[in-house]
Amino acid sequence: MVELSHDSRPIIGRGPPLGATFLTLALASVALMVADTRYHQLERVREWLSAAAYPVQVAVDLPFRAWNWLTGSFADRGRLREANLELTARLRLANLQLQRFAALEDENRRLRDMRENSAGIADRVLVASIMNVDLDPFRHRVLLDKGARDGVFKGQAVLDAEGIFGQVSQVHAETAEVILITDAEHAIPVQSNRSGLRTIAVGTGDSGRLSLPFVTVESDLKAGDLLISTGIGGVFPRGYPVAEVTRVDRTAAATFALVDARPTSQLDRNREVLLVWFTAPAAPQEPAADTPASTEAPSEQPQ
Amino acid sequence: MRPTNFTRRLLYWVSVAAGLVLAVVPLPEWLGPARPDLALLAVIYWILTSPRIAGLGYAWLAGLFLDVLRGMTLGQHALGFVLVAFLTHRAQLRMRMFPILHQAGAVMLLLAVYQFVIFWTDGLTGHGYTGWNRWLPVLSGALLWPLIVAAGDTLTRRSR
């Protein structure tokens, strides 16, 4: 039972009445919500407040980072050797493939140049790590440790080694919030690698599933098809894997087929992701690149 | 008299701030949706024990800070916090007389009001998530209430 203390008298004649304070604060919150969602007037305020939140986020993230560092630096020799051997083997394989790709890319570029079509291929990447901070459990958002100071911008594409991860939804000074492709509010234009069919993949709020709601019953799509990004819209670079079709349900009576896909990128357990700068196919726009030192090849972070 | 009030005020601020930090500490994925709203439970506890110290202003600020921490629409949690704080203030003379289980039931109602505010404003701003596990924090918070009271009472007794 809650203990009675000496100051248990109700508030009488002390400060403004409770109801008035409540009404003021409640109206203030409603005004804030309206200003934030309808008019987007609060970018500046959010910037200040997120500067106050940053130390908290760092403090929460720090123990996990320290633990990772500790386990990393005290890993036993045998395990490191094993990992090293495996990585060397993988690198050799990747290099072999890369040699072929270099020739193909050259050829592709020449062909594109002939058609005067600049390719939407990632030309600068920045490695960012996901902070160990839980945002709303019902939205698929993560916090990255790179922000406006590193040249991150709103709407920037985020990739990982296996495919498209999401896009930046909010930029703060030191951090950036990323909305994953599986968030229920996210949609991405995709194309089947096999048949060339174009459609839209919508997040479901379930971390292992995307849904393709606009596929007609007759369209050429089957389980196992790889969906790649089309580059339409200019947010994502073109030609990166997004998801693999897992289920196509066709009912003769319905107009649209029920199609599910599994994201190729490791959405729930990834630690490092890549922020991507690329030349958009339609309107080329290069953001100010003020951190040349942070440009790294993705192969430097084999995880 | 004076220093006691000061330590209580300090305890109030620190405990709510700790609740806010715990609101973003990563949990395993299956446990994440059931995370109790510790900051709000702390606000309720302090309003019940020391209503003259725990006002609405700090509760509102705590809610606003939670909005920023979680990257939600500004004002959502602030509204929830201030509404719950107000209702608790209104009911505190009755609530503090309840036996502990009865009190946990009342707290569950308050948490449900809070969760409903978040749910409703989520829907208005277009982020509606309608799964049943959205209401898990209400249950986990109510189950945790006796522990919160025990911990808080131990703290305040020592500080007196």
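As the structure is a prediction and not an experimental result, all values here were calculated from the model.

Cut-offs used in this document
Residues numbered from 1 in each chain as written. Chains lettered and ligands numbered in written order. Predicted model: local features only at pLDDT ≥ 70, side-chain atom pairs only at ≥ 80, totals over all residues. Helix = DSSP H or I, 4+ residues; strand = E, 2+ residues; numbered from the N terminus. Buried ≥ 20, exposed ≤ 12 C-beta atoms within 10 Å, placed from the backbone. Contact = placed C-beta atoms within 7 Å. Nonpolar A, V, L, I, M, F, W, Y, C, P; charged D, E, K, R; others polar. Core = buried A, V, L, I, M, F, W, Y, C linked by C-beta atoms within 7 Å. Domains from an automatic or database assignment. Pairing = 2+ DSSP bridges.

Structural notes on the overall build of chain A
Consideration 1: When helices and strands are counted, chain A shows three helices and twelve strands.
Consideration 2: Looking at chain A as a whole, 28% of its 303 residues qualify as buried.
Consideration 3: The long-range fraction of contacts in chain A, counting pairs at least 24 apart against all pairs at least 6 apart in sequence, stands at 61%.

Quick look at the overall build of chain B
Consideration 1: In terms of regular secondary structure, chain B is built from six helices and zero strands.
Consideration 2: Written out in order from the N terminus, the α and β elements of chain B read α-α-α-α-α-α.
Consideration 3: Its C-alpha atoms give chain B principal-axis dimensions of roughly 50 × 30 × 30 Å.
Consideration 4: Per-residue burial over chain B gives 47% buried out of 160 residues.
Consideration 5: Sequence-distant contacts in chain B: of pairs separated by 6 or more residues, those separated by 24 or more amount to 69%.

Quick notes on the interface of chain B and chain A
Consideration 1: Each partner contributes to the interface: chain B provides 45 residues, whereas chain A provides 42 residues.
Consideration 2: With eight residues, helix 4 (residues 76-95) of chain B is the single largest residue contributor to the side of chain B that touches chain A.
Consideration 3: Among the residues forming the side of chain B that touches chain A, the class breakdown is 26 nonpolar, twelve polar and seven charged.

As for the environment of Ile100 of chain B
Residue and element names in this part refer to chain B.
Consideration 1: Along the chain, Ile100 turns up in helix 5 (residues 100-124).
Consideration 2: Residue Ile100 is classed as partly exposed on the basis of its 13 C-beta neighbours within 10 Å.
Consideration 3: The sequence separation of Ile100 and Gly75 amounts to 25 residues, and the corresponding C-alpha distance is 32 Å.

Notes on the nonpolar core
Consideration 1: Of all hydrophobic cores here, the largest spans 95 residues; its most connected members are Val242 of chain A together with Ala39, Val43, Ile44, Phe81 and Val82 of chain B.
Consideration 2: The element best represented in this core is helix 2 (residues 38-49) of chain B, accounting for eleven residues.
Consideration 3: Summarising the domain contributions, this core has at least three residues from each of domain 1 (20-71) and domain 3 (122-298) of chain A.

Observations concerning the sheet that holds strand 9 (residues 226-229) of chain A
Residue and element names in this part refer to chain A.
Consideration 1: Taken together, six strands build a closed barrel; the order of strands is 6-7-8-11-10-9 and the barrel is antiparallel.
Consideration 2: In this structure, strand 8 (residues 210-211) lies alongside strand 11 (residues 258-263), joined through two bridges in antiparallel fashion. Within the sheet, the bridge partner assigned to Leu210 lies in strand 11 and is Ala261.

Observations concerning the domain arrangement of chain A
A common measure of how large an interface is: the accessible area buried when the components associate.
Consideration 1: Looking at chain A, the domain boundaries give domain 1 (20-71), domain 2 (75-117) and domain 3 (122-298).
Consideration 2: With centres defined by C-alpha atoms, the gap from domain 1 of chain A to domain 2 of chain A works out at 41 Å.

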